[in-house]
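Residue-level structure breakdown
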Amino acid sequence: MKQCARCKLVRYCDRNCQLHKWPEHKHTCQKQQDMKRHFVTRDPEGEECSICLEPILSESNCNFQLKCGHWYHTDCVRKLLEHDEGVNAKCPNCRKPLPSLLDIGRVLSDQGDFVGAIEAYKSAIAIDPENAIYRVSLGDVLHTQGDFAGAIKAYNNAITIDPEFAVVYSNLGDVLLEQGDFAGAIKAYNKAITIDPNFAIAYSNLGNAFYGQEDFASAIKSYNKAISIDPNFANAYSNLGTALIDQGDYAGAITAWTKAVAIEPEKHAISHMNIGTALSNQGDFAGATQSFKKAIAIDPENALFHMNLGVTLRTQKDFAGAIKAYKRAIAINPNFANAYSDLGTTLKDQGDHAGAIKAYNKAITIDPNSAIAHMNLGNAFYGQEDFASAIKS
């Protein structure tokens, strides 16, 4: 989806949607730009907090600097804003306005200081408990931290304050979806869509919830609705392809994944992999090889991509290429039992029974319940005419 070029905070389905929402969004947008102008980044060594006058530690994330050049400990400025109830707080040195607690929370969150962000949002809520945005922001950070119960509570509090806040229902759905509560997620996404019928992300995530219930027809319908709202929604195309493949529609799935990578060619490595898998299942191993290589070019540290490339190369009798791919997968993930097992099979195909036995044993060490690895180990022993060990395996 298109992103607001000014504040980078919100996304729009299309130009018409942006124009429709601009009167509502422009005040928040301008405030966010003003907030960004408050902050600069440089080495704080030798600086001190303008409030407590204690040193600013360069290795700590719990500090920031305003454009006026003065440094603060996050906790100090939070307490100052709490004392002034977030109104007209000024830099003690130059008397320029301090950013709001909401702004500080967003900056800290962007910096990865989620604990500091949570404290800032909680302080903002203490000052203005009826502000739904504060509670949504708190919920978002808690979700990022894996505190699902805390996030759900924050979102529900925001809904109590503003029952027509579509984004909150969507965010609530995301948490419930991640917890596997598909029915709850569907209810939340449907509420978001009722409030905002053009909420493409909510439709796409609704599809994910239906997919979790294995209701593929409803999932496909939701993905297509998201795409009809935003024809450049790459993730919706990617998810659509996954749902179609589960219904055996390889051609439709490949078309959807191809559309996803055409929209975001440098992002959708998983779609390239999915295309490769579909082509391989259709017997187009050369095409599959190219797709897996494209996925690897985007995400070279994904062990599964290398593993799948190895499988396809082995099918084409490119044993040297397959071995190289399996070894790369193992280097990335040393506990990848299937990669060891497939490596063993490729070595056995080349007559290297000793190497195959070593690879199979490694696979079994990682996954002692892998029946196929035990069977293949037996075959390798049989190839060495070690019948006793073969029977045991």
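Residues numbered from 1 in each chain as written. Predicted model: local features only at pLDDT ≥ 70, side-chain atom pairs only at ≥ 80, totals over all residues. Heavy atoms only, no water.

**Regarding the overall build of the protein**
Helix and strand counts for the protein stand at 20 helices and five strands. The proportion of buried residues among the 393 residues of the protein is 45%. When contacts within the protein are restricted to residue pairs at least 6 apart in sequence, long-range pairs at least 24 apart make up 44% of them. Accessible surface for the protein amounts to roughly 19,700 Å². Of this, 51% is attributable to carbon and sulfur atoms. (Helix = DSSP H or I, 4+ residues; strand = E, 2+ residues; numbered from the N terminus. Buried < 20%, exposed > 50% of the residue type's maximum accessible area, 1.4 Å probe, protein only. Contact = heavy atoms within 4.5 Å. Areas by Shrake-Rupley, 256 points an atom, 1.4 Å probe, with all protein chains shown as cover.)

**Details of the pattern of salt bridges**
Tallied over the full model, the rule gives two salt bridges. For Arg328, the salt bridge goes to Glu301, with nearest N and O atoms at 2.6 Å. Here the residue Arg328 occupies a position in helix H16 (residues 319–332), and Glu301 occupies one in the loop between helix H14 (285–298) and helix H15 (303–315), the gap between them amounting to 27 residues. Arg314 serves as the salt-bridge partner of Asp349, at 3.1 Å between the closest nitrogen and oxygen. (Salt bridge = Lys/Arg side-chain N within 4 Å of Asp/Glu carboxyl O.)

**Points about a nonpolar patch on the surface**
Together, Tyr382, Phe387 and Ile391 make up a nonpolar patch on the protein surface, roughly 390 Å² of accessible area in all. By secondary structure assignment, the location of Tyr382 is in helix H19 (residues 371–383). Residue classification places Tyr382 among the exposed positions, given a relative accessible area of 55%. (Patch = residues over 30% accessible without salt bridge, like charges linked within 9 Å, V, L, I, M, F, W, Y side chains within 5 Å.)

**Quick word on the nonpolar core**
The tendency in soluble globular proteins is for nonpolar side chains to be buried side by side. Residues Leu138, Tyr155, Leu172, Leu240 and Leu343 are the most contacted members of the largest nonpolar core, which totals 94 residues. Broken down by element, the residue count for this core peaks at seven residues, all from helix H7 (residues 166–178). Apart from the residues within four sequence positions on either side, Leu240 is in contact with Ile220, Tyr223, Asn224, Ile227 and Ala256. (Core = buried A, V, L, I, M, F, W, Y, C linked by side-chain atoms within 4.5 Å.)

**Some words on the side chain of Ser291**
By the secondary structure assignment, Ser291 is in helix H14. Residue class for Ser291 comes out buried when judged on its relative accessible area of 8%. Ser291 has contacts with His272, Ile275, Gly276 and Leu279, leaving out every residue within four places of it along the chain.

**Observations concerning the confidence of the model for the protein**
Interpretation of this model should avoid reading the predicted coordinates in detail wherever pLDDT is low. Scored by pLDDT, the protein has a mean of 82; 77% of the residues are at 70 or more. Of all helices and strands in the protein, the one with the weakest mean pLDDT is strand E3 (residues 39–40) (40), whereas helix H8 (residues 182–195) scores best (97). Note that residues 5–10 has pLDDT below 50 and, in this model, 15 contacts with residues that lie over four places away or in other chains. Between residues 30–43, whose pLDDT stays under 50, and residues either more than four places distant or in other chains, the model counts 33 contacts. (pLDDT = per-residue confidence, 0-100.)

**What to know about helix H12 (residues 250–263)**
Over its 14 residues, H12 runs 20 Å from end to end, which matches the ideal 20 Å to within 8%, given 1.5 Å per residue. Where H12 is concerned, the buried positions are Gly252, Ala253, Ile254, Ala256, Trp257, Ala260 and Val261. Check the buried side of H12 and you find it contacts helix H11 (234–246) and helix H13 (269–281). (Expected span 1.5 Å × (residues − 1).)

**Digging into the packing of helix H10 (residues 216–229) against H11**
Between H10 and H11, the least distance of the axes is 9 Å, while the angle of their chain directions is 155 degrees. Considering their axes alone, H10 and H11 lie roughly antiparallel with respect to each other. The way H10 lies across H11 gives a crossing that is left-handed. Between H10, through Phe216, Ile220, Tyr223, Asn224, Ala226 and Ile227, and H11, the contact on the second element is made entirely by Ala236, Tyr237, Asn239, Leu240, Ala243, Leu244 and Asp246. (Axes fitted to C-alpha atoms, helices over the stretch in contact; angles between N-to-C directions. Parallel < 35°, antiparallel > 145°, perpendicular 65-115°, else oblique. Left-handed = near helix turned anticlockwise from the far one by under 90°.)

**Some details on the packing of helix H5 (residues 132–144) against helix H6 (residues 148–161)**
Two quantities define a packed helix pair, namely the angle between the helix axes and the distance between the axes. Contact pair H5 / H6: the axes reach a minimum separation of 8 Å and the direction vectors enclose 165 degrees. By the criterion of interaxial angle, the relationship of H5 to H6 is roughly antiparallel. The handedness of the crossing between H5 and H6 comes out as left-handed. The segment H5 lies against H6, with Ala132, Arg135, Val136, Leu138, Gly139, Asp140, Leu142 and His143 engaging Phe148, Gly150, Ala151, Ala154, Tyr155, Asn157, Ala158 and Ile161. Its residues assigned to classes, the contact of H5 with H6 shows ten nonpolar, four polar and two charged. (Nonpolar A, V, L, I, M, F, W, Y, C, P; charged D, E, K, R; others polar.)

**Looking at H6**
For H6, which comprises 14 residues, the first-to-last C-alpha distance of 20 Å matches the rise-based estimate of 20 Å (1.5 Å per residue) to within 8%. For H6, the set of buried residues is Gly150, Ala151, Ile152, Ala154, Tyr155, Ala158 and Ile159. In this structure, the buried side of H6 is in contact with H5 and H7.

**A word on the environment of Tyr360**
Take Tyr360: it is sitting in helix H18 (residues 353–366). In this structure Tyr360 comes out as buried when scored by relative accessible area, which is 0%. Taking C-alpha positions, Tyr360 is 9.9 Å from Ser370, a pair spaced ten residues apart along the chain. Those residues in contact with Tyr360 that sit more than four places away from it in its chain are Ser341, Gly344, Thr345, Lys348, Ala373, Asn376, Leu377 and Ala380.

**Here we look at the side chain of Asn131**
Looking at the element boundaries, Asn131 is found in the loop between helix H4 (114–127) and H5. In terms of polar contacts, Asn131 uses its side chain to reach the backbone amide nitrogen of Ile133, at 3.0 Å. A polar atom in the side chain of Asn131 sits 3.3 Å from the backbone nitrogen of Tyr134. (Polar contact = N/O pair within 3.5 Å; in protein donor to acceptor, adjacent residues only side chain to side chain.)

**Here's the deal with the environment of His143**
Checked against the element boundaries, His143 lands in helix H5. The buried category is assigned to His143, whose relative accessible area is 18%. Non-local contacts of His143, meaning those with residues more than four positions away in its chain, are made with Phe148, Ala151, Tyr155, Asp174, Val175 and Glu178. Engagement of the side chain of His143 in a polar contact is seen with the side chain of Glu178, the distance being 2.7 Å.

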